[in-house]
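Chain residues, written in single-letter form:
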Amino acid sequence: MRVPAEIIADEDLIRGMDEKVRQQITNVACLPGIVRAAYAMPDAHWGYGFPIGGVAAFDPDQGGVISAGGVGFDISCGVRMLATDLTAAQIRSKQQDFAHEMSRSIPAGVGSQGHIHLDDAGMSAMLSGGARWAVAEGYGTVEDLARIEEQGQMAGATPDMVSARAKRRQRDEMGTLGSGNHYLEVQEVTDIFDEAAALAYGLSPGQAVVTIHCGSRGLGHQIGTEYLREMALAAPGYGIALPDRELACAPIDSELGQRYLGVMRAGINCALANRQILTHLARDVLERFFPGCKAPLLYDVSHNTCKEELHEIDGEERRLFVHRKGATRSFGPGMGDLPPPLSKVGQPVLIGGSMGTESWVLAGDDRSETVALSSACHGAGRAMSRHQAARTWTGSGIRKDLAARGIIVTSPSRRGIAEEAPGAYKDVTRVVESAERAGLARRVARLAPLVCVKG
DNA sequence: ATGTTC
């Protein structure tokens, strides 16, 4: 190991983690050019190569590497939240019809297609413009852009280097949720833990919010597939001895490393554009049910990325490439590119709970820079495999249980609902409390679901 | 996560 491997969680969470998390985060700590430590967040679980919930930063001047497996298949998968001016009571008064209409308007499921069909020129513009492109195309507003990491557009994307196959898979998939743990949820703010931060974020008890969790769909997956393979084949040529073949990587300063960076950044823009289009679709439904209502974007966070950032290491500011896979950036007050109302209290850290359970809004804690290079957890984290969950529950049973608790779930896949059963996940409250105690982020608000449009 | 196995 070149640096320590640190799991940041309470004892019970650590005991509950698969032994593979320990192995994987130890392997990451062996990679060339890694600085400070390899971190596992409180919600960490086994992943491809790197654990999901893993954070690792590399210095290009010390032979540091970039790894497709350290970003993940779903490049720039993330969460955004719209803080509406509606109350949960207003949503409840039309809950059935509203859920039905939302599920009709938001394309969901494996291979789902939207109403947008991009030609080659449109695809290139989208891959370099991100959410900024989407706004120019009429999806959402210019005001949204300040509330997105990178102001909605990841610089340094190279659409020309994205394979024809990756582009083909995405041509008809813009503005779609996809499947797995992706969802659009309407939630109620139930509890506030930090009044000042809640005020800055525009959150108050009884308020309805819309949360969107999805990523870069077929394009990100295709890029991940291609570069995992290419990096695995190329690693020996760079003199990199891999502790695990799944940790395939390339030096940041190599041709392959630079090519992956540009292509991955195009994938980030795809995810930002996708969430921006879904925001527009959700606002359309809100407007039909509640004419004149407002649903401004609180913030959009990505939790599968590698980003170039400045961090202080051993008293010296260094330019690092920070992999966060199933981990959220967590800038404290005054850090980074946050607009004034957010900068004062820290970056919103949006934590999607499992279907039917609570979700959380946290605020970046300035201690997080020292603890984990300004990173935090991203969700509940799986406690049970999809296969085991599908054997344990049925989709219709879970749907009925949730309906009895006032939560309406729609999905094209009954098996998908079973796989995402609340019992298949860790206790998100425990994860969040653990993150707060460690200084990764502070609790601001707890949310309970009303309507869940599931992928 | 994923045209759920190039």
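Overview of the structure. These numbers were taken from a predicted model, which means no experiment stands behind them. (Residues numbered from 1 in each chain as written. Chains lettered and ligands numbered in written order. Predicted model: local features only at pLDDT ≥ 70, side-chain atom pairs only at ≥ 80, totals over all residues. Heavy atoms only, no water.)

### Topic: the pairing of strand β6 (residues 183-192)
In step 1: The element β6 is extensively covered by neighbouring structure, given that seven of its ten residues are classed as buried.
In step 2: Alignment of β6 against strand β7 (residues 207-214), held across six bridges, turns out to be antiparallel. From the neighbouring strand, Glu 185 faces β7, where its bridge partner is Thr 211.
In step 3: By the bridge criterion, nine bridges tie β6 to strand β17 (residues 441-454) in an arrangement that is antiparallel. Directly across from Val 189, in β17, lies its bridge partner Leu 447. (Buried < 20%, exposed > 50% of the residue type's maximum accessible area, 1.4 Å probe, protein only. Helix = DSSP H or I, 4+ residues; strand = E, 2+ residues; numbered from the N terminus. Pairing = 2+ DSSP bridges.)

### Describing the pattern of salt bridges
In step 1: Counted by the stated rule, this structure contains 33 salt bridges.
In step 2: Residue Asp 337 pairs with Arg 329 through a salt bridge whose shortest N-O separation is 3.4 Å.
In step 3: Taking the relative accessible area as the measure of exposure, Asp 337 reaches 23% and is therefore partly exposed.
In step 4: When salt bridges that share partners are traced, they join Asp 10, Glu 11, Asp 12, Arg 15, Arg 430 and Arg 437 into one network. (Salt bridge = Lys/Arg side-chain N within 4 Å of Asp/Glu carboxyl O.)

### Considering the packing of helix α4 (residues 95-105) against helix α10 (residues 255-289)
In step 1: At a minimum axis distance of 10 Å, the contact between α4 and α10 shows a crossing angle of 150°. Both α4 and α10 take part in a crossing whose hand is right-handed. Counted together, Asp 97, Phe 98, Glu 101, Met 102 and Ser 105 of α4 and Leu 281, Ala 282, Val 285, Leu 286, Arg 288 and Phe 289 of α10 form the full contact between these two elements. (Axes fitted to C-alpha atoms, helices over the stretch in contact; angles between N-to-C directions. Left-handed = near helix turned anticlockwise from the far one by under 90°. Contact = heavy atoms within 4.5 Å.)

### Describing the sheet that holds strand β10 (residues 304-313)
In step 1: What the five strands build is an open sheet, ordered β1-β2-β3-β11-β10; its pairing is mixed. Each edge of the sheet is formed by a strand with only one pairing partner; in this case those strands are β1 (5-7) and β10. Each adjacent strand pair in this sheet contributes to an overall mean axis angle of 20°, direction not counted.
In step 2: The sheet contact formed by β1 and strand β2 (residues 34-45) spans three bridges and is parallel. Along β2, the bridge assignment pairs Glu 6 with Tyr 39.
In step 3: Taken strand by strand, helix α2 (residues 19-28) contacts β1, β2 and β3 (52-58), and its axis lies near 160° from that of β2.

### Section: the nonpolar core
In step 1: One finds Phe 98, Met 126, Leu 184, Ile 223 and Tyr 260 to be the most contacted residues of the largest nonpolar core, which totals 91 residues.
In step 2: What Met 126 contacts, discounting residues up to four positions off in sequence, is Leu 118, Trp 133, Gln 170, Met 174, Asn 269, Cys 270 and Ala 273.
In step 3: Counting 31 residues, the second largest nonpolar core, distinct from the first, contains Val 35, Leu 373, Ala 424 and Val 431. (Core = buried A, V, L, I, M, F, W, Y, C linked by side-chain atoms within 4.5 Å.)

### Structural notes on the protein's contact with DNA strand B
In step 1: Arg 169, Ser 179, Gly 180, Asn 181 and Arg 217 are the nearest of the 16 residues found near DNA strand B.
In step 2: Sugar and phosphate atoms represent 47% of those atoms of DNA strand B found within 4 Å of the protein.
In step 3: The side chain of Arg 217 places a nitrogen or oxygen atom 2.7 Å from a phosphate oxygen of DNA strand B.
In step 4: A distance of 3.1 Å separates a phosphate oxygen of DNA strand B from a polar side-chain atom of Arg 386.
In step 5: Elements that contribute at least two residues to the surface near DNA strand B include exactly α7 (164-170) and α9 (217-234).
In step 6: Here the element with the most residues in the surface near DNA strand B is α9; it accounts for four residues.
In step 7: Grouping the amino acids of the surface near DNA strand B by side-chain chemistry returns two nonpolar, seven polar and seven charged. (Near = heavy atom within 4 Å. Polar contact = N/O pair within 3.5 Å; in protein donor to acceptor, adjacent residues only side chain to side chain. Nonpolar A, V, L, I, M, F, W, Y, C, P; charged D, E, K, R; others polar.)

### A closer look at the layout of surface pockets
In step 1: The computed volume of the second largest pocket comes to approximately 180 Å³.
In step 2: If you go around the second largest pocket, the residues you meet are Glu 150, Met 154, Ala 155, Arg 265, Lys 307, Glu 308, Glu 309, Arg 329, Phe 331, Gly 336 and Asp 337.
In step 3: Top element by residues in the lining of the second largest pocket is β10. It accounts for three residues. (1 Å grid on protein atoms, 1.4 Å probe; cavity = no way out; pocket = protein on both sides within 12 Å on 5 of 7 lines; lining within 4 Å. Points joined across faces, edges and corners; volume = space filled by probe spheres on them.)

### Thoughts on a positive patch on the surface
In step 1: Together, Arg 165, Arg 168, Arg 169, Arg 171 and Arg 229 make up a positively charged patch on the protein surface.
In step 2: No other element matches the three residues that α7 contributes to the positive patch.
In step 3: Summarising the element assignment, Arg 169 is placed in helix α7. (Patch = residues over 30% accessible without salt bridge, like charges linked within 9 Å, V, L, I, M, F, W, Y side chains within 5 Å. Areas by Shrake-Rupley, 256 points an atom, 1.4 Å probe, with all protein chains shown as cover. Lys, Arg positive; Asp, Glu negative; His and termini not counted. Charge placed at Lys NZ, Arg CZ, Asp CG, Glu CD.)

### Some points on the side chain of His 213
In step 1: Here His 213 shows up in strand β7.
In step 2: Within the structure, the side chain of His 213 is placed 3.4 Å from the side chain of His 303, a separation counted as a polar contact.
In step 3: Ignoring sequence-local partners within four residues, the contact set of His 213 consists of Cys 77, Gly 78, Val 79, Leu 177, Asn 181, His 182, Tyr 183 and His 303.

### Details of helix α5 (residues 120-136)
Every α-helix carries 3.6 residues per turn, so stepping three or four residues along brings you back to the same face.
In step 1: Along its 17 residues, α5 runs just 17 Å from first to last C-alpha, ending more than 12% under the 24 Å computed at 1.5 Å per residue.
In step 2: Taking the largest bend as the criterion, α5 deviates by roughly 120°, centred on Gly 129.
In step 3: Every buried residue of α5 is listed here: Gly 122, Met 123, Met 126, Leu 127, Gly 129, Gly 130, Ala 131, Trp 133, Ala 134 and Val 135.
In step 4: On the buried face of α5, the contacting elements are α6 (142-145), α7, α9 and α10.
In step 5: Directly beyond the C-terminal end of α5, a positive phi value near 105° is found at Gly 138. (Expected span 1.5 Å × (residues − 1). Bend = angle between axes of the 7 residues up to and from the residue.)

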